[in-house]
Amino acid sequence: MVYRIFVEKKPGLDNEARELRKDARTFLGIQGLEKVRLLNRYDAEDMPEDLFDLAVREVFSEPQLDDTSAELSTEGAADVFAVEYLLGQFDQRADSAAQCVQFISQGERPLIRSAKVYILYGTLTDAEILEIKKYVINPVEAREASLD
């Protein structure tokens, strides 16, 4: 069974999302971008559900800083896309999470994959969305990921 969790910084602590909005408006000239939400998505396999629930609180998130959700809320979004490392590229976030879960469980290391999910709000054209994707996706190391 594959378990999935989305982790997002609480409002006011979402510096990376606010910086992306600022960069898109300043450097890319995309004035219609009103808000950006940035979430870390974790997919975990080869672990029992109770261990996954513990990992959500202890490994994948910091409860005082992050909000977690099993579902992705995108109501009113202009676009949603995810970015993951290419096969063969080292995903430090996923590897660190797998090591921590293994340490907590004192068992086998689970298979964990991560991706960043970008949720864009505002009045955006297809060309502007493409420009933002080009800005955040380095094709040498990453690709657009499926949302499924």
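Residues numbered from 1 in each chain as written. Predicted model: local features only at pLDDT ≥ 70, side-chain atom pairs only at ≥ 80, totals over all residues. Heavy atoms only, no water.

A. A look at helix α1 (residues 15–26). Between its terminal C-alpha atoms α1 stretches 16 Å, which fits the 16 Å expected from twelve residues at 1.5 Å a residue. Turning to α1, its buried residues are Ala17, Leu20, Asp23 and Ala24. Down the axis of α1, the buried side of the element spans an arc of 125°, and every buried residue falls inside it. Of the surrounding elements, those touching the buried residues of α1 are β2 (33–45), β5 (111–122) and α4 (126–136). (Helix = DSSP H or I, 4+ residues; strand = E, 2+ residues; numbered from the N terminus. Expected span 1.5 Å × (residues − 1). Buried < 20%, exposed > 50% of the residue type's maximum accessible area, 1.4 Å probe, protein only. Arc of directions from axis to C-beta. Contact = heavy atoms within 4.5 Å.)

B. View of the pattern of salt bridges. Taken as a whole and assessed by the stated rule, the structure comprises eleven salt bridges. Where Arg4 meets Asp43, a salt bridge forms, and the shortest distance between an N and an O atom there is 2.5 Å. Here Arg4, found in strand β1 (residues 2–9), pairs with Asp43, found in strand β2; they are 39 residues apart in sequence, far enough to count as distant. When its relative accessible area of 16% is taken as the criterion, Asp43 is described as buried. In this structure, the salt-bridge partner of Glu84 is Arg113, at a minimum N-O distance of 3.2 Å. Taken together, the residues Glu84 in strand β4 (residues 79–85) and Arg113 in strand β5 connect sequence positions 29 residues apart. Accessibility expressed as a relative area gives 12% for Glu84, which makes it buried. Its relative accessible area of 36% is what places Arg113 among the partly exposed residues. Within the structure, one salt-bridge network assembled from shared partners comprises Arg4, Arg41 and Asp43. (Salt bridge = Lys/Arg side-chain N within 4 Å of Asp/Glu carboxyl O.)

C. Representation of the pairing of β5 in the model. Among the twelve residues of β5, nine are classified as buried, and the element is accordingly described as predominantly covered. In this sheet, β5 lies alongside β2 in antiparallel orientation, the contact comprising twelve bridges. Bridge pairing in β5 places Arg37 opposite Ile119. Note that β4 and β5 share five bridges and pair antiparallel. Its bridge partner lying in β5, Asp79 is registered against Leu120. (Pairing = 2+ DSSP bridges.)

D. Geometry of the environment of Pro139. Relative to the helices and strands, Pro139 is located in the loop between α4 and β6 (142–145). The exposure class of Pro139 is exposed, given its relative accessible area of 65%. Expressed as a C-alpha distance, the spacing of Pro139 and Ser114, which sit 25 residues apart in the sequence, is 17 Å.

E. How the structure looks around the sheet that holds β2. Strand order in the open sheet formed by six strands is β3-β1-β2-β5-β4-β6, with antiparallel pairing between adjacent strands. Since the sheet does not close on itself, it has two edges, and those belong to β3 (66–69) and β6, each with one partner. When strand polarity is set aside, the average angle formed by the axes of neighbouring strands in this sheet is 30°. Where α1 meets the sheet, it contacts β2 and β5, and its direction lies at approximately 135° from that of β2. Sheet contacts for helix α2 (residues 49–60): β1, β2, β3 and β5; angle to β1, the most-contacted strand, approximately 20°. (Axes fitted to C-alpha atoms, helices over the stretch in contact; angles between N-to-C directions.)

F. Molecular detail of the packing of aromatic side chains. In total, this model carries four aromatic pairs according to the counting rule given. Relative to Tyr118, the ring of Phe81 lies with its centre 5.0 Å away and its plane at 15°, an arrangement referred to as stacked. Linking Phe81 in strand β4 with Tyr118 in strand β5, this pair joins segments that are 37 residues apart in sequence. Comparing Phe81 with Tyr118, the two get one shared label, buried. Here the aromatic cluster, defined as three or more aromatic residues joined through ring pairs, consists of Tyr3, Tyr42, Phe52 and Phe60. Directly above the aromatic system of Tyr121 lies the positively charged group of Lys35, at a separation of 5.5 Å from the ring centroid. (Phe/Tyr/Trp six-rings, centres within 6.5 Å; stacked < 30°, edge-to-face > 60°. Lys NZ or Arg CZ within 6 Å of the ring centre and 35° of its normal.)

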